[in-house]
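A structural walkthrough
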Amino acid sequence: MNPDEDAEIPYDPDDGEESAISYSPDDEPPAAAGIGSALAHAEQQLGTQSGVHGMGMTKTPAGEDAIVVYVEDQQALSQLPATVDGYPIVGEVTGEIRPL
């Protein structure tokens, strides 16, 4: 390729061609929507359980989407379900969490 050559690919959004993949900035990837929905269900299901301090999204060591649940102690950890909506629950003992 000659350094003086223009390598840009022209783009005309009005040329009538459709892209192979449709995209909308408001679209959420299906996997993210699934884990987000599962997290919301976990918050409803486990949020008031004694010893549960918080939740979030994480990955398992195998790279699967999972829900992390922060709990105060082993007793609270033992009360967690294995999955919510098919996503694994990863419990993490944090101890007591207090506001500063």
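Structure's up top.
Note that the structure is a prediction, hence the values are computed from the model and not measured.

1. Digging into the overall build of the protein chain
In terms of helices and strands, the protein chain carries 2 helices and 4 strands. Counted from the first residue to the last, the protein chain has its helices and strands arranged as α-β-β-α-β-β. Per-residue burial for the protein chain yields a buried fraction of 21% across its 100 residues. Once local pairs closer than 6 in sequence are excluded, the contacts in the protein chain between residues at least 24 apart make up 34%. A total of about 7700 Å² of accessible surface is found on the protein chain, and carbon and sulfur atoms cover 49% of it.

2. Considering the pairing of strand E4 (residues 87-93)
As defined by bridge partners, strand E2 (residues 65-71) adjoins E4 across 5 bridges and the pair is classed as parallel. What sits directly across from Val69, in E4, is Gly91. Inspection of the sheet shows strand E3 (residues 83-84) paired to E4 by 2 bridges, in the antiparallel sense. Following the sheet pairing, Thr83 is matched in E4 by Pro88. Connecting the antiparallel pair E3 and E4 is a turn made up of 2 residues, with Asp85 showing a positive phi of about 55°.

3. Notes on the sheet that holds E3
Spatial ordering of the open sheet is given by E1-E2-E4-E3, a layout of 4 strands whose pairing is mixed. In this open sheet, the two strands that pair with only one neighbour each are strand E1 (52-59) and E3.

4. Section: the environment of Pro81
Along the chain, Pro81 falls in the loop between helix H2 (74-78) and E3. By relative accessible area, which is 25% here, Pro81 ends up partly exposed. The spatial distance from the C-alpha of Pro81 to the C-alpha of Gly91 is 9.6 Å, given a sequence separation of 10 residues. Not counting residues up to four positions away in its chain, the partners in contact with Pro81 are Leu46 and Ile89.

Conventions used here
In this convention, every chain numbers its residues from 1, walking through the sequence in written order. In view of the model being predicted, local features appear only for residues whose pLDDT reaches at least 70, and side-chain atom pairs are presented and counted only at 80 or more, with totals across whole chains, interfaces and linings using the full set of residues. Remark: hydrogens and water are excluded; side-chain values derive from all non-hydrogen atoms of the structure. Runs of E in the DSSP output that reach at least two residues are strands. Runs of H or I that reach at least four are helices, and both are numbered from the N terminus. Working definition: with a 1.4 Å probe on protein chains only, accessible area under 20% of the residue-type maximum means buried, over 50% means exposed, and in between means partly exposed. Should any heavy atoms of two residues lie within 4.5 Å, those residues are considered in contact. Here, Shrake-Rupley sampling with a 1.4 Å probe gives the accessible areas, and only protein chains in the shown set may cover a residue. For two strands to pair, DSSP has to find at least two bridges joining them.

No statement about biological role is implied by the geometric values presented.
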